[in-house]
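Listed here are the chains, written in short residue letters.
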Amino acid sequence: MTNTKPERNGEPSAPGPLSFPNSQFEPTTAGAGIGHNGPPPDTPFSNPPTDAYLNPTGFGTERSDSEGSGAWGADRMYDGEKDKHKAVDILSEVDQPIYAPLDGRASSTLEGDYSIVRIAGKEHFARILYVKPTEEIAGAKGEITVKKGDVIGFTQDLYPIYKKEKMKNHIHLELYRYPDIKKGTSWGPIDPTPYIEPGVEKNE
Ligand SMILES: [Zn+2]
């Protein structure tokens, strides 16, 4: 990626190229499931998830430190413009295993210093930053099938990237709905918080 610039206090805000899933992962129109039958992208989420996604680190404590908040919608700067954090930051130990939050097809990319694992699930597309992929995922020519709970990688140390001692190590989790991706005009990120199982409190 050449057009992805880091924010002042974190992550590139552009999602980067998304590989479209195989037809077996296309959303269906049947049923009253989450995601594709839910509210439009900018409407606050109101339907409860039908099947909670696994917390990728196991730590339920959302990142909050003097470098910023990791909550959905927290203030960010991007290219000198005010923006919002369209993700949730989940605390992590450096090099701890990261678990697939959902079933799907996984691939990885490196965008500058950011190591990213992406999972194309049935109803949602997840993009997780600061995860060094497993050799299996990194070495794959395309996407490989993963199950919820599989180890997909290990947390990067954020200090060498940001040089900010007070920034707590975390992963950055983005969630997208397919119809929004397909529109092309909006990436349609949604708040992952209601979808992710609560984890244990992280002691600092
Ligand atoms: Zn983040």
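Residues numbered from 1 in each chain as written. Predicted model: local features only at pLDDT ≥ 70, side-chain atom pairs only at ≥ 80, totals over all residues.

Q: Help me out: how do you make sense of the overall build of the chain in this one?
A: Counting its regular elements, the chain contains three helices and 16 strands. Looking at the chain as a whole, 37% of its 204 residues are labelled buried. (Helix = DSSP H or I, 4+ residues; strand = E, 2+ residues; numbered from the N terminus. Buried ≥ 20, exposed ≤ 12 C-beta atoms within 10 Å, placed from the backbone.)

Q: When you look at the pairing of strand β10 (residues 114-120) in this model, what are you seeing that I'm missing?
A: Consecutive side chains of a regular strand alternate in pointing toward one face of the sheet and then the other. Counting buried residues in β10 gives seven out of seven residues, a clear majority hidden from the surface. Side-chain alternation along β10 places Tyr114, Ile116, Arg118 and Ala120 on one buried face and Ser115, Val117 and Ile119 on a second face that is also buried. Note that strand β9 (residues 104-111) and β10 share seven bridges and pair antiparallel. Of the residues in β10, the one forming a bridge with serine 107 is arginine 118. Adjacent in sequence and paired antiparallel, β9 and β10 are bridged by two residues, among which glycine 112 carries a positive phi angle near 65°. The pairing of β10 with strand β11 (residues 124-129) spans five bridges and is classified as antiparallel. Opposite valine 117, over in β11, you have isoleucine 128 as the bridge partner. Where β10 hands over to β11, the hairpin turn is made up of three residues, counted between the paired strands. (Pairing = 2+ DSSP bridges.)

Q: Looking at this structure, how should I read the confidence of the model for the chain?
A: Low-confidence regions, as indicated by low pLDDT, have predicted coordinates that should not be scrutinised in detail. On average, residues of the chain score 76 in pLDDT, and 70% of them are at 70 or above. Every residue in residues 1-10 scores below 50 in pLDDT, and together they form 22 contacts with partners more than four places removed in sequence or on other chains. Low pLDDT, under 50, characterises residues 12-48; the predicted model gives this stretch 59 contacts beyond four residues in sequence or across chains. (pLDDT = per-residue confidence, 0-100. Contact = placed C-beta atoms within 7 Å.)

Q: Looking at this model, I keep getting lost on the environment of proline 189. Mind explaining?
A: Assignment of secondary structure puts proline 189 in strand β16 (residues 189-190). Between the C-alpha atom of proline 189 and that of glutamate 174, which follows or precedes it by 15 residues, the distance is 6.8 Å. Among residues more than four places away in sequence, those in contact with proline 189 are Lys86, Glu174, Leu175 and Tyr176.

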